[in-house]
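# Structural description and commentary
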Amino acid sequence: MNVYYQSTRGGGEKVTASKAILMGLAEDGGLFVPDHLPKLDRSLEELAAEDYQECAYDVMKLLLTDYSEEELKECIAKAYDSKFDTPEIAPMAEAEGAYYLELFHGKTIAFKDMALSILPHLMITAARKNKDERTIVILTATSGDTGKAALAGFADVPGTKIIVFYPKDGVSPIQKRQMITQTGSNTCVIGVDGNFDDCQTEVKRIFTDEAENRKLNGNGYRFSSANSINIGRLVPQIVYYVYAYTRLVREGRIKAGDPVNFCVPTGNFGNILAAYYAGQMGIPVHKLICASNSNRVLYDFFTTGTYDRNRRFVLTMSPSMDILVSSNLERLIYHIAGDDAGKNAELMKELSAEGKYSITPEMREKLRIFTGGYASEEDTADAIRSLYEDTGYVIDPHTAVARHVYQQYAKESGDKTPTVIASTASPFKFETSVLRSLGQPAEGDDLALADALSRIANVPVPEAVESLRGAAVRHTKVTDRAGMEREVSAFLGI
Ligand SMILES: *Cc1c(COP(=O)(O)O)cnc(C)c1O
């Protein structure tokens, strides 16, 4: 049975998966959601015998129903290959009885690689299927992680160009180095004299500007979006939850059918929503543990039923979770309202007008599978240090937030269900915070710190960091907000 995608706010037509991937966002500003969630059509035992690529096909074919077998298998083969530094793609490490699902073995050593390695291939296939011959132009503003993962994914993919704007003084040294050394003749990276919000606001404006879009069309281009609300990013994330579960079955750690918990360090709510979808598709899930840092808007939502963004924004050592409006939560709201677009649209209107909304008791009832927790900066540092002292295993600050929240949950609930913690970044990506948490000196340049961390953690410096040594700087342009549109036109030669 085919799956179609419709807006969480009810506007527009139902579209195919490939159309939804090309469009990114629905025309009424809502997010695309599947009209139903199919059940896995292979048994958990059968899935347990598969490798990552085979599992990816068996999950994604159910949701991307207008892609042919050949198309989907080709996208998967191009994405999950030697770009990952382990053939397992998403290996698991056991520490203190919990399973750390390492989602950081891709090119930019953060979990966004899991989806952004395949999105470019899904997108150009979608353009071909929809007979759109224009070159796809990805326009992105980044606070660090997304930009590099999108660059790495789209670099040298025929039929695409990518332009990334980053706040010139607002990203970490490693993140900046990663971006300005990006190779690929279709890539463009520009520093902006301003903060992330300036970049983001101007990108959104250019994206929807009529004159700019006309100019683009006239020259054989179209804009598209690689950000986390694209279902082409969500669907590939369901795969690793299915894979993790079936891995535990294969290794005899659980029996097929036994429940597990997933604990996920959460920002925009994309990763944990994928775990929820995996559960709806047939993976036995007991609890989804949503871990927040000091920006604990989701913790408050799960404990009170009120989402309230009116609060101070806190900068933490887990910056990819420093978010007050989790865009993907809108999909969950739509589902717990009984796939009611009218109810969801009403709440989203309240959110944009007043910065908050409350859900009904019936909706709260449907949230029972979720539980929330949060970690302060001190809790986060403690989690890194104590895990290292107990086991020698070093985790990054985002994963540390999840470890703290999981331990607290286990203590308070007494729940002994086997638990998989999503490990979303390599500690090498946030080496200053990690070294400080371990009580180690963190002076010196980013590459020297990588060597220090390598000695302490007893793991080699990942290739993604190693390859930065001596890498030529290819992108030096800096502009102010007013100059961003001009840079887009200049790069495209229009
Ligand atoms: C993006 C990111 C997150 C948050 O994921 P969401 O899908 O936005 O909830 C967590 N950790 C790291 C390292 C990230 O890059």
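Model, not experiment: these values are computed from the prediction. (Residues numbered from 1 in each chain as written. Predicted model: local features only at pLDDT ≥ 70, side-chain atom pairs only at ≥ 80, totals over all residues. Heavy atoms only, no water.)

Our focus in this paragraph is the packing of aromatic side chains. Here the structure, examined in full by the defined rule, presents 17 aromatic pairs. Ring geometry for Tyr-80 and Phe-84: centres 5.7 Å apart, planes at 50 degrees, overall tilted. Look at Phe-84 and you get buried, because its relative accessible area is 4%. Aromatic pair Tyr-241 and Phe-262: ring centres 4.8 Å apart, planes at 70 degrees, arrangement edge-to-face. Taken together, the residues span a long stretch of sequence, with Tyr-241 in helix α11 (residues 231-250) and Phe-262 in strand β9 (residues 260-265) at a distance of 21 residues. (Phe/Tyr/Trp six-rings, centres within 6.5 Å; stacked < 30°, edge-to-face > 60°. Buried < 20%, exposed > 50% of the residue type's maximum accessible area, 1.4 Å probe, protein only. Helix = DSSP H or I, 4+ residues; strand = E, 2+ residues; numbered from the N terminus.)

This part covers the pattern of salt bridges. Considering all chains together, one arrives at 36 salt bridges under this definition. Here Glu-94 and Arg-253 are joined by a salt bridge, their closest N and O atoms 2.7 Å apart. Taken together, the residues span a long stretch of sequence, with Glu-94 in strand β3 (residues 92-95) and Arg-253 in the loop between α11 and β9 at a distance of 159 residues. In this structure Glu-94 comes out as partly exposed when scored by relative accessible area, which is 45%. Salt-bridge contacts for Arg-205 lead to Glu-202; the nearest nitrogen and oxygen are separated by 3.1 Å. Taken as a pair, Arg-205 and Glu-202 lie in helix α9 (residues 196-208) at a separation of three residues, close to a single helical turn. (Salt bridge = Lys/Arg side-chain N within 4 Å of Asp/Glu carboxyl O.)

In this section: the side chain of Arg-403. Mapped onto the secondary structure, Arg-403 falls in helix α18 (residues 397-413). In this structure Arg-403 comes out as buried when scored by relative accessible area, which is 3%. A distance of 3.0 Å separates a polar atom in the side chain of Arg-403 from the backbone oxygen of Ala-383. In contact with Arg-403, not counting residues within four places along its chain, are Glu-96, Tyr-100, Asp-382, Ala-383, Ser-386, Leu-387, Asp-390, Ile-395 and Ile-421. (Polar contact = N/O pair within 3.5 Å; in protein donor to acceptor, adjacent residues only side chain to side chain. Contact = heavy atoms within 4.5 Å.)

What surrounds the ligand is a group of 15 residues, the closest being Lys-112, Gly-267, Asn-268, Asn-271 and Thr-424. Taking Asp-145, its side chain carries an N or O atom lying 3.0 Å from an oxygen atom of the ligand. Within the contact set of the ligand, an oxygen atom lies 2.7 Å away from a backbone nitrogen or oxygen of Asn-268. Taken by itself the ligand offers 380 Å² of open surface, and the protein chains cover 97% of this. Considered class by class, the residues forming the shell around the ligand number five nonpolar, eight polar and two charged. (Near = heavy atom within 4 Å. Areas by Shrake-Rupley, 256 points an atom, 1.4 Å probe, with all protein chains shown as cover. Nonpolar A, V, L, I, M, F, W, Y, C, P; charged D, E, K, R; others polar.)

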